[in-house]
Amino acid sequence: MFIGYLFGIRSERQLVREIEVNVAYRWFLRLKLTEGVFDASTLSQNRRRRYQDASVAQDIFDGIVEQAMAHGLVGGTVLYTDSTHLKANANKNKWDREKVAKSRSDYWQALDLAIEEDRKAHAKKPLKAKDRHPVEKESKISRTDPDSGYMVRDGKPKGFFYLDHRTVDGKLGIITDTYTTPANVHDSIVYLGRLDRQRARFDLPVTAVGLDAGYATSGIAKGLEDREVLGVTGYRRPNSRKGFLAKRHYQYEEEVDGYRCPEGQLLSYATTDRNGYRHYRSDPQKCRGCPMLASCTSNAKAQKTVTRHVWQDARDRADHYRLTDWGKAIYKRRQETVERSFADAKQLHGHRYARFRGLTAVKVQCLLAATAQNIKKIALTMTTNANLLPS
């Protein structure tokens, strides 16, 4: 299987045919020139029956990362994370509609505690105890590969896909983590858990991370601050209704804990909801006579509401990091690290398509493809830089 991933041979039948005629492949597998090659079904049936989870592939991947660390090829101080889609082995026209629970965020428990503290600080009663359940949403489920997710993203093809969430070290581009999910799982959902896994498994001294705009959320910013990691994320343009004033026209005043509208009225704190957003509301009597009412709100009571997340301060600090000189340098390196890693995977290792059906099989594919890339990176670096060779 490693030969297939190292040389981008996607078909197992094609792989067997290549082994039959390629002397180098025979040498690697310790097959004599006159010795018969196993049948393709032998390879596929062993893969299906003997490996019921991705633990073996994960152990192999971790072992190669540890070898890279032993040779000094992993810095571990700056990590870059992104995701790419793999087209599922499924017909996009064969599907059923079902209600599915959206994936829960890693930080729900911390958010509940922050909401309770925020309401207490504003002299509000605690919210009634209520178990958090993932929001159920009607979605398309593939009949041929139910584990895949239906992806609808701007600038991306629609259909059934998987996502490979990959983290690359900033020193030489060694892949330190890869995690596969259905394509309808947002990038930010699994990020903090995977970062913790890398720090615990490899004892990486992470001080900064470079992320694209998909990770620019208040929860990620607060989670990174709690872990004493500086997060540099891409710019995310806020959504605004056409014909109405954007949120940037309302200035937050920390000393009075309120928003100032363009006409000078203070929107005062009203409540903090269960999702972690503070609500700041205007005085309807003042708003009814305002010349900017039509472009401010369509509320029947003529009352404007502006929301602010309880962790918005952490998000503002993360946005500031992006504008610093070192933040610009870190973000610029994304294209040389994680984006380059995905480009190589797609071009050389068949990473555009899921070779198999089912989440477990695709997890194994992503782990072995990343392992193959790391093996190549280690071999090339060790042969071109003699200073890195072990004594």
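Residues numbered from 1 in each chain as written. Predicted model: local features only at pLDDT ≥ 70, side-chain atom pairs only at ≥ 80, totals over all residues. Heavy atoms only, no water.

Peer 1: What am I meant to see in the state of the cysteines here?
Peer 2: By definition, a disulfide is the covalent link that joins the sulfur atoms of two cysteine residues. This structure, assessed with the given rule, holds zero disulfides. With no disulfide of its own, Cys 261 has Cys 290 as its nearest cysteine by sulfur position, at a separation of 6.1 Å. Relative accessible area serves as the criterion here: at 13%, Cys 261 is assigned to the buried category. (Disulfide = S-S within 2.5 Å. Buried < 20%, exposed > 50% of the residue type's maximum accessible area, 1.4 Å probe, protein only.)

Peer 1: I would appreciate a short explanation of the packing of helix H7 (residues 187-202) against helix H8 (residues 218-226) in the present structure.
Peer 2: For the pair H7 and H8, the least separation of the axes is 10 Å and the interaxial angle reads 10°. Relative to H8, the element H7 is oriented roughly parallel. Seen from H7, the contacting residues are Ser 188, Tyr 191, Leu 192 and Leu 195; seen from H8, they are Gly 219, Ile 220, Gly 223 and Leu 224. By residue class, the composition of the contact of H7 with H8 is five nonpolar, three polar and no charged. (Axes fitted to C-alpha atoms, helices over the stretch in contact; angles between N-to-C directions. Helix = DSSP H or I, 4+ residues; strand = E, 2+ residues; numbered from the N terminus. Parallel < 35°, antiparallel > 145°, perpendicular 65-115°, else oblique. Contact = heavy atoms within 4.5 Å. Nonpolar A, V, L, I, M, F, W, Y, C, P; charged D, E, K, R; others polar.)

Peer 1: Where do I start with a nonpolar patch on the surface in this structure?
Peer 2: A cluster of nonpolar side chains, contributed by Trp 27, Phe 28, Leu 29 and Phe 38, occupies part of the molecular surface with about 460 Å² of accessible area. With respect to the helices and strands, the residue Leu 29 is situated in helix H3 (residues 23-29). According to the relative accessible area criterion, Leu 29 is partly exposed, its value standing at 32%. (Patch = residues over 30% accessible without salt bridge, like charges linked within 9 Å, V, L, I, M, F, W, Y side chains within 5 Å. Areas by Shrake-Rupley, 256 points an atom, 1.4 Å probe, with all protein chains shown as cover. Salt bridge = Lys/Arg side-chain N within 4 Å of Asp/Glu carboxyl O.)

Peer 1: Just checking my understanding: could you explain the packing of aromatic side chains for this structure?
Peer 2: Any aromatic ring pair is given by two values, namely how distant the centres are and how the planes are angled relative to each other. All chains considered together, the criterion is met by seven aromatic pairs. With a centroid separation of 6.0 Å and 75° between ring planes, the pair formed by Tyr 269 and Tyr 280 is classed as edge-to-face. Taken together, the residues span a long stretch of sequence, with Tyr 269 in strand S11 (residues 266-272) and Tyr 280 in strand S12 (residues 277-281) at a distance of 11 residues. Residue Tyr 269 is classed as buried on the basis of its relative accessible area, which comes to 16%. (Phe/Tyr/Trp six-rings, centres within 6.5 Å; stacked < 30°, edge-to-face > 60°.)

Peer 1: Help me out: how do you make sense of the pairing of strand S6 (residues 175-182) in this one?
Peer 2: It is a general feature of regular strands that their side chains alternate between the two faces of the sheet. Of all eight residues in S6, seven are buried, a share of seventy percent or more. Sheet analysis places strand S5 (residues 159-169) next to S6, joined by seven bridges and oriented antiparallel. Bridging from a neighbouring strand, Val 168 pairs with Ile 175 of S6. Between the end of S5 and the start of S6, which pair antiparallel, lie five residues, with Gly 173 showing a positive phi angle near 85°. (Pairing = 2+ DSSP bridges.)

Peer 1: Sorry if this is basic, but what is going on with the sheet that holds strand S9 (residues 251-253) here?
Peer 2: Sheet strands line up and pair through hydrogen bonds in the backbone, either parallel or antiparallel. The five strands lie next to each other as S9-S10-S11-S12-S13, forming an open sheet whose pairing is antiparallel. The open sheet has two edge strands with one neighbour each: S9 and strand S13 (305-309). Direction aside, neighbouring strands of the sheet carry axes that sit 35° apart on average. Pairing geometry for S11 and S12, over four bridges, is antiparallel. Each residue of the ladder has a partner; that of Tyr 269, found in S12, is Tyr 280. Sheet strands touched by helix H6 (residues 108-121): S11, S12 and S13. Its angle to S11, the strand with the most contacts, is close to 125°.

Peer 1: What is the right way to read helix H5 (residues 55-70) from this model?
Peer 2: One turn of the α-helix equals 3.6 residues, which is why residues spaced by three or four share an orientation. Its 16 residues place the ends of H5 22 Å apart at the C-alpha level, agreeing with the 22 Å of an ideal helix rising 1.5 Å per residue. Looking only at H5, the buried set comprises Ala 57, Gln 58, Phe 61, Asp 62, Ile 64, Val 65 and Ala 68. With its buried residues spanning 160° around the axis, H5 presents them on a single face. Along H5, the residues that are exposed and aim more than 90 degrees away from the buried face are Asp 59 and Ala 70. Packed against the buried residues of H5 are S6, H7 and helix H14 (359-384). Gly 72 occupies a position one or two residues after H5 and carries a positive phi of about 75°. (Expected span 1.5 Å × (residues − 1). Arc of directions from axis to C-beta.)

Peer 1: How should I be thinking about the nonpolar core in this particular structure?
Peer 2: One broad trend across soluble globular proteins is that nonpolar side chains are buried collectively. Residues Tyr 191, Val 209, Leu 211, Leu 224 and Ile 378 are the most contacted members of the largest nonpolar core, which totals 49 residues. No other element matches the eight residues that H14 contributes to this core. Beyond its immediate stretch of four places on either side in the chain, Ile 378 contacts Ile 64, Ala 68, Leu 73 and Ile 174. (Core = buried A, V, L, I, M, F, W, Y, C linked by side-chain atoms within 4.5 Å.)

Peer 1: What should I look at first to understand the side chain of His 351 in this one?
Peer 2: Note that His 351 resides in the loop between helix H13 (338-348) and H14. A relative accessible area of 0% places His 351 in the buried class. A polar side-chain atom of His 351 sits 2.9 Å from a polar atom in the side chain of Asp 164. Setting aside residues up to four positions removed in sequence, His 351 forms contacts with Thr 84, His 85, Leu 86, Asp 164, Arg 166, Ala 345, Lys 346, Gln 365, Cys 366 and Ala 369. (Polar contact = N/O pair within 3.5 Å; in protein donor to acceptor, adjacent residues only side chain to side chain.)

Peer 1: What's the story with H13 in this structure? I'm lost.
Peer 2: Those residues of H13 that sit buried are Val 338, Ser 341, Phe 342, Ala 345 and Lys 346. The arc enclosing the buried residues of H13, seen along the axis, measures out at 130°, which places them on a common side. Structurally, H13 contributes buried residues whose contacts are with strand S1 (78-87), S5, S6 and H14. Within two residues after H13, Gly 350 carries a phi angle of roughly 65°, on the positive side.

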